[in-house]
Amino acid sequence: MTIETLDLATETKTLMSKLGVSATSFTGGTLRVTSPVTGKDIGALKEVSVADAKTAIDNAHKAFLEWRAVPAPKRGELVRLLGEELRAAKAELGRLVSIEVGKITSEGLGEVQEMIDICDFAVGLSRQLYGLTIATERSEHRMMESWHPLGVVGIISAFNFPVAVWSWNAALALVCGNSTVWKPSEKTPLTALATQALFEKALKRFVAEGGTAPANLSTLLIGGRDVGEALVDHPKVPLVSATGSTAMGRAVGPRLSQRFARAILELGGNNAAIICPTADLDLTLRGVAFSAMGTAGQRCTTLRRLFVHESVYDALVPRLQKAYGSVSIGNPLENGTLVGPLIDKQAYSNMQSALEQAKAAGGKVTGGERVENGASDAFYVRPALVEMPAQTGPVENETFAPILYVMKYSDFDAVLEDHNAVPQGLSSSIFTNDMREAETFVSARGSDCGIANVNLGPSGAEIGGAFGGEKETGGGRESGSDAWRAYMRRATNTINYGKTLPLAQGVKFDVE
């Protein structure tokens, strides 16, 4: 079956029905949803008004007031059931991700697996929300830290990981005792509807099995920028986790700081890899190929800059050019495809503009052309490899498309400076078998990114580690490690179990 003959609208209705979503939820509305696979519409959702969004947030706050009183391990049981529902629906939800985003089948399924993994992590976490017992200078006193639920957690997600990013936030927020309000990307609301339906199914099971949970614990807001602004500005939302462009972060961050709310900002990444003289070039080729071409270059962790040592440049770059010329591009729903479509026409235009700028700066472009397959409204492109004379022009900016800029280097200290000389600081990697180079790269004077890898690419991350970056990437952290603390408030408690009242620092204040 060719791309132009695919009936994804019908398949979407079938999948949504299996996932528990009524057709009335995604038909007859004003928000048109287009599959990048065919360029054709697959849904039309009704949008909420700003007034409705504010009411929903107020209701979510009421839900928080009840949910915070439920013991954390009991809250973890709800997340465990959510993980079970995701396991049962993995095939259908993964397929829907591929249809709505254009991801190849394994990546669509992988995104749902990531949701399952974070649920497993959060269930264990529900019994490990630890505070500290702290030594005190006062006798017969005890000092400790307590961690308490924070409130309504706002979640603003991007199109490229339409459901996994929600799960990173929601699973942790829920076990920490918070309610959530989710504003998904306007480009990918169908997967959000399906995820919300699975959550409601888990919640129903939780209550049927004796659990206590309020209504409006998880709320979905379908709408545009005005709805997102209502979420960012609402005084009953103490934390907003926003994933998207740096431009979006520049708008969201100041609005949150103006009312002293917290922000978890996951913004742009202009990720690089350094290929050293001792690198295993077979390993390097595979690592670079996936990191640069996977998801059609539409990951925040996509490899965009490649620094290759002059001694291995002529051995590696021709092999990369061959891989770029032969990689399978086409229908992401078919087995064997490795590169699917760009999300829309604007993404294609941005890619072509960047390539023109690169040529003007002296770049030599391999690939980058549109791949014609009969789907005139879909935008498939061959990934582009651009040999650049220096890190200049478009190399310093993130273009959300499969463009890899390749530059030659000779001095390790100098290339570290070039590596860090961009505004973004999300993910990075080095390919080397030299221990000094590897250890330097992950040291304080090495990569300035939130993620620094050795002998694997920068793209992709496991849920066990905290995910996020520095500089214009926003500084936020989601997912594993101690990222849970961002969803809670800390209280320092001192308890006097004696009969005297010694003051700290030896202060005397005696009254009759």
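Parameters at a glance
Residues numbered from 1 in each chain as written. Predicted model: local features only at pLDDT ≥ 70, side-chain atom pairs only at ≥ 80, totals over all residues. Heavy atoms only, no water. Pairing = 2+ DSSP bridges. Helix = DSSP H or I, 4+ residues; strand = E, 2+ residues; numbered from the N terminus. Axes fitted to C-alpha atoms, helices over the stretch in contact; angles between N-to-C directions. Buried < 20%, exposed > 50% of the residue type's maximum accessible area, 1.4 Å probe, protein only. Right-handed = clockwise from strand over helix to strand, strands pointing away. UniProt positions renumbered as here; feature names shortened; annotations may be inferred. Contact = heavy atoms within 4.5 Å. Left-handed = near helix turned anticlockwise from the far one by under 90°. Nonpolar A, V, L, I, M, F, W, Y, C, P; charged D, E, K, R; others polar. Parallel < 35°, antiparallel > 145°, perpendicular 65-115°, else oblique.

Structural notes on the sheet that holds strand E9 (residues 262-266)
Ordered by their spatial adjacency, five strands build an open sheet running E7-E6-E5-E8-E9, and the pairing between neighbours is parallel. The sheet terminates laterally at strand E7 (218-220) and E9, the two strands that pair on one side only. Going from strand to strand, the sheet's axes swing by 15° on average, the running direction of each strand aside. Across three bridges, the pairing between strand E6 (residues 179-183) and E7 is parallel.

Quick look at the pairing of E6
Within E6, five of the five residues are buried, leaving the element largely enclosed by the surrounding structure. Burial along E6 is two-sided: the residues Ser-179, Val-181 and Lys-183 and Thr-180 and Trp-182 are all buried. As judged from the five bridges shared by strand E5 (residues 152-156) and E6, these two strands associate in the parallel manner. The residue of E6 that forms the bridge with Gly-154 is Val-181. The parallel pair E5 and E6, bridged by helix H6 (residues 164-175), forms a crossover whose chirality is right-handed. Once you follow E6 into helix H7 (residues 189-208) and on to E7, the crossover reads as right-handed.

A few points about the UniProt feature "active site" (unreviewed entry) in the chain
The sites that carry the UniProt feature "active site" (unreviewed entry) are, in the present numbering, Glu-266. Discounting residues that sit within four places of it in the chain, Glu-266 has contacts with Ala-242, Thr-243, Gly-244, Phe-467, Gly-468, Gly-469, Thr-473, Gly-476, Arg-477 and Glu-478.

Things to note about the packing of helix H2 (residues 50-67) against helix H8 (residues 225-233)
Closest axis-to-axis distance for the H2/H8 pair is 9 Å, and the angle between their directions is 35°. Relative to H8, the crossing made by H2 is right-handed. Together, Val-50, Ala-53 and Ile-57 of H2 and Asp-226, Val-227, Ala-230 and Leu-231 of H8 make up the contact between the two elements. For the contact of H2 with H8, the residue count by class is six nonpolar, no polar and one charged.

Brief notes about the packing of helix H3 (residues 72-88) against helix H4 (residues 90-101)
Two numbers describe how H3 lies on H4: the axes approach to 5 Å, and their chain directions differ by 75°. Relative to H4, the element H3 lies roughly perpendicular. Contact with H3, carried on its side by Leu-86, Arg-87 and Ala-88, involves Lys-90, Glu-92 and Leu-93 of H4 and no other residues of that element. The residue inventory of the contact of H3 with H4, partitioned by class, reads three nonpolar, no polar and three charged.

Digging into the sheet that holds strand E12 (residues 364-366)
The mixed open sheet is built from seven strands, whose spatial order is E12-E13-E14-E11-E10-E16-E17. The open sheet is flanked by E12 and strand E17 (451-454), the only strands paired with a single partner. Here the average twist between neighbouring strands, direction ignored, is 20°. Bridge count between strand E10 (residues 271-275) and strand E11 (residues 303-309): five bridges; the pairing is parallel. Bridging from a neighbouring strand, Ala-272 pairs with Arg-305 of E11. Against the sheet, helix H10 (residues 281-293) makes contact with E10, E11, strand E14 (403-409) and strand E16 (427-431), and its axis sits at roughly 155° relative to E11, the strand it touches most. Its contacts with the sheet put helix H13 (residues 412-420) on E10, E11, E14 and E16, and the angle it makes with E11 is roughly 170°.

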